[in-house]
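What follows is each chain in one-letter form.
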Amino acid sequence: MGTRDYARIFRRSWLLIVVFAIVGTLAAWAVTATTTPRYSATSAAFVSSDAGGTLNELTQGNAFTQQRVNTYAKLITEPIVTEPVIEDFGLDVSPGAFAGDVTVSIPVQTTMLEVTVSGESPAIAASVANALITSLATTVEQIETTAVSSTQVMLDAAGNPVLDAAGNPVPSEPVPPVQITQVRFAETPSTPVSPNLALNLAIGLAAGLALGVLAAILRDLIDTRLRTLDDVEAVTTAPIVGAIPQAPRSRSGSILAEDDPGSPTAESFRILRTNLQFLDVDGPATFVVTSPSSGEGKSTVTTNLAASIAATGVRVLVVEADLRRPQVHNYFGVEGGAGLTDILIGRAELADVVQPWRSPNLHILAAGRIPPNPSELLGSHQMRELMTQLQERYDVVLYDTPPVLPVPDAAILSRTVGGVLLVTSIDHTRRDEVRSAVIALEKINARISGVVANRLPGRGTTSYLAEAYHSSSTPQREPAAESEDNLSDFEQFLRAPGGGAPLDLDSRKSTFARSGRRSHRGHETSP
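The rules we used
- Each residue is numbered by its place in its chain's sequence as written, counting from 1.
- Restriction of local features to residues with pLDDT of at least 70 applies here, the model being predicted, together with a cutoff of 80 or more for giving and counting side-chain atom pairs; totals for whole chains, interfaces and linings are based on all residues.
- Excluding hydrogens and water, the side-chain values take into account all heavy atoms of the structure.
- Throughout, exposure labels follow a simple rule: accessible area from a 1.4 Å probe, protein chains only, divided by the maximum for the residue type, with under 20% read as buried, over 50% as exposed, and the rest as partly exposed.
- Put simply, DSSP H or I for four residues or longer makes a helix, DSSP E for two residues or longer makes a strand, and each gets a number counted from the N terminus.
- A pair of strands counts as paired when DSSP detects no fewer than two bridges linking them.
- Put simply, a salt bridge is a Lys or Arg side-chain nitrogen that is within 4 Å of an Asp or Glu carboxyl oxygen.
- Nonpolar cores are built from buried Ala, Val, Leu, Ile, Met, Phe, Trp, Tyr and Cys residues. Side-chain atoms within 4.5 Å join them into one set.
- When checking whether two residues touch, look at their non-hydrogen atoms; a contact exists if any pair is within 4.5 Å.
- What pLDDT conveys is the predictor's confidence in a given residue, as a value from 0 to 100.
- Fitting a line to C-alpha atoms yields each axis, with helices limited to the stretch in contact; the angle taken between N-to-C directions then spans 0 to 180 degrees.
- Only Phe, Tyr and Trp rings are paired, with Trp represented by its six-membered ring, and only when their centres lie within 6.5 Å; those with planes under 30 degrees apart are stacked, over 60 edge-to-face, the remainder tilted.
- Any N or O atom pair separated by 3.5 Å or less is treated as a polar contact, with the protein-specific requirement of one donor-capable and one acceptor-capable atom, and with residues adjacent in sequence counted only for side-chain atom pairs.

**Focus on the pairing of strand 9 (residues 359-365)**
Most of strand 9 is tucked away: five of the seven residues are buried. Sheet topology places strand 7 (residues 316-320) next to strand 9; four bridges connect them, and they run parallel. Along strand 9, the bridge assignment pairs valine 316 with leucine 362. Relative to strand 9, strand 8 (residues 355-357) runs antiparallel, the two sharing three bridges. Residue pairing for strand 9: proline 356 is matched across the bridge by histidine 363. Count of turn residues in the strand 8/strand 9 antiparallel hairpin: one residue, of which arginine 358 carries a positive phi of about 65°.

Structure, rendered in structure tokens:
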């Protein structure tokens, strides 16, 4: 993943990340609130030895003391030291558990011991810390004291041996080689050392954010459906020429561009119509309208786009080229029993089956009877001849075809039209489906004119429409400084304000037909 992918994930899942952060913070607060406070108290002891008076004796004594300090630091948590303290305070705890509450440290370059005791009672923690120093001193005195050898006798003030009643020298008292002196007494703490509310909240927030980011990335890896326009841009280089908001369920299947021209959906189709002017269509204004898979609303886009273009006075024909599951004739409410199939098998002429819809500018060629071999019919010589004839008679021809991935019908027709409009459905189409559809079309050298993002969520519809119209992904080609006599009629009606005022029909048809014939012959290939 690149920086752009992570930015897209964060924009899409920022709310999920925020929720995880809040939950982590609340969990940390709850743990802190339910945790019993603990206090700690520290006492200190100084370890010394009788090193003698010479330099050599002092050096040896210092090394001996350093070794003993390290030993005592470990000895203080042993049962020989801790059990007397446990008994004195009547603590209901084992020596092992008690040792877990004791921490011993040795300050650098010193012969001191610092003993820290933690517990739920601040007074007991301080008393136990002091008692451990006392117990350690007593234990060390017992185990470190050595008996005086026979040559060691007690001397009087004058340095003479002290004799007993029998006249024998009196042995001296055994003296420990080291002494432990408590130099700091632990005081009763006033504030607990745990739980630390600020620290716990920071840890909870950081953990929540980390889990939120991981959840967002995992969600993006698992759920590959298109969610935003950014998702569409991430999977194809084709421009987004249309952004259609989700129509109300009650109006599903209706032609809102005609029935409800003031609705946001109708306005989005007018924007789609206008955006087509930026497409560098090198050939006839004939488009295959398809989608990667089924259920993405390609037929709805076809019918509404056709009605929107026809409203400007341009002659438009919608060809129901989906010979497997035709739906266009149902949307328009026209007869679907005869149509394209009948023409291709020679049972009818074009004039016999083309049906007008509400105006002389919009005509429908229904699919007719569903054949057993739709791919063969669409790839036949008769179909290519019919497509040439249609582009001569109409200014704009829209072919509603089956999806690209399940069947080859759309690919067959895509080779002999001016461009392909690929319809995707937000929250339905998957990214790998879009990639596969684009690859399939590119393999046959089909020209993908643009992508239509259909069924955008109702929230923020206005911003979606604005983004679709002004997005940098839409080709911003500056109009050439040429007279309108040099422009095709399709470009003229699209460049006119509001989608173009009606032009002279006869002049428009003849000019467009001549351009269409030249381009169609240049793009035609064998099926």
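**Overview of the pattern of salt bridges**
Between side chains of opposite charge, a pair can form when the charged atoms approach closely. Following the criterion strictly, the structure yields eleven salt bridges and no others. Salt-bridge contacts for arginine 11 lead to aspartate 230; the nearest nitrogen and oxygen are separated by 3.0 Å. Here arginine 11 is found in helix 1 (residues 3-34), whereas its partner aspartate 230 is found in helix 7 (residues 229-235), with 219 residues between them in sequence. Under the relative-accessibility criterion, arginine 11 is labelled partly exposed at 47%.

**Brief notes about the nonpolar core**
One recurring pattern in soluble globular proteins is that nonpolar side chains are buried together. If you look at the biggest cluster of nonpolar residues, it comprises 46 residues, and the most contacted ones within it are Val319, Leu340, Leu365, Met383 and Tyr399. When residues no more than four places from it in sequence are discounted, the contact partners of methionine 383 are Leu340, Leu344, Leu377, Leu378, Tyr399 and Leu413. Ile244, Val301, Ala306 and Ile309 belong to the second-largest nonpolar core, a separate cluster that totals 31 residues.

**Examining unusual backbone geometry**
With an omega of 0°, the peptide bond running from serine 194 to proline 195 counts as cis. Among the secondary structure elements, proline 195 is positioned in the loop between strand 4 (178-184) and helix 6 (197-222). One non-glycine residue with positive phi stands out, namely asparagine 445, at about 65°. Position of asparagine 445 among the secondary structure elements: in the loop between helix 17 (431-443) and strand 12 (448-456). Relative accessible area serves as the criterion here: at 70%, asparagine 445 is assigned to the exposed category.

**A short note on the confidence of the model for the protein chain**
Confidence in the prediction for the protein chain averages 81 pLDDT; 78% of positions are at 70 or higher. In the model, residues 459-527 has pLDDT below 50 throughout and makes 118 contacts with residues more than four positions away in sequence or in other chains.

**Focus: the sheet that holds strand 3 (residues 112-119)**
Ordered by their spatial adjacency, four strands build an open sheet running 2-3-1-4, and the pairing between neighbours is antiparallel. The open sheet is flanked by strand 2 (102-105) and strand 4, the only strands paired with a single partner. Sheet twist, expressed as the average angle between the axes of neighbouring strands with direction ignored, equals 25°. When strand 1 (residues 39-49) meets strand 3, the two strands line up antiparallel, connected through eight bridges. Bridged to threonine 42 within strand 3 is threonine 116. Against the sheet, helix 5 (residues 122-144) touches strand 1, strand 2, strand 3 and strand 4, its axis set at about 25° to strand 1.

**Brief notes about the pairing of strand 3**
Side-chain alternation along strand 3 places Leu113, Val115, Val117 and Gly119 on a buried face and Met112, Glu114, Thr116 and Ser118 on a face that remains uncovered. Summarising the sheet, strand 2 and strand 3 pair through four bridges and their orientation is antiparallel. In the sheet register, valine 102 faces strand 3, and the bridge partner there is valine 117. Once strand 2 ends, the chain turns through six residues before running back antiparallel as strand 3, passing glutamine 109 with a positive phi of about 60°.

**Thoughts on the packing of aromatic side chains**
Applying the stated criterion across every chain yields a total of one aromatic pair. Between phenylalanine 332 and tryptophan 357, the ring centres sit 5.0 Å apart and the planes meet at 70°, which makes this aromatic pair edge-to-face. Here phenylalanine 332, found in helix 11 (residues 328-332), pairs with tryptophan 357, found in strand 8; they are 25 residues apart in sequence, far enough to count as distant. Among the residues examined, tryptophan 357 registers a relative accessible area of 8% and is labelled buried.

**Observations regarding the side chain of serine 291**
Tracing the backbone through its elements, the reader meets serine 291 in the loop between strand 6 (286-290) and helix 10 (298-310). Of note is the side chain of serine 291, whose polar atom sits 2.8 Å from the backbone oxygen of serine 293. Among the polar contacts listed, one links the side chain of serine 291 to the side chain of glutamate 296, at a separation of 3.2 Å. With sequence-adjacent residues up to four places away left out, serine 291 is seen in contact with Glu296, Lys298, Pro403, Val404, Leu422 and Val423.

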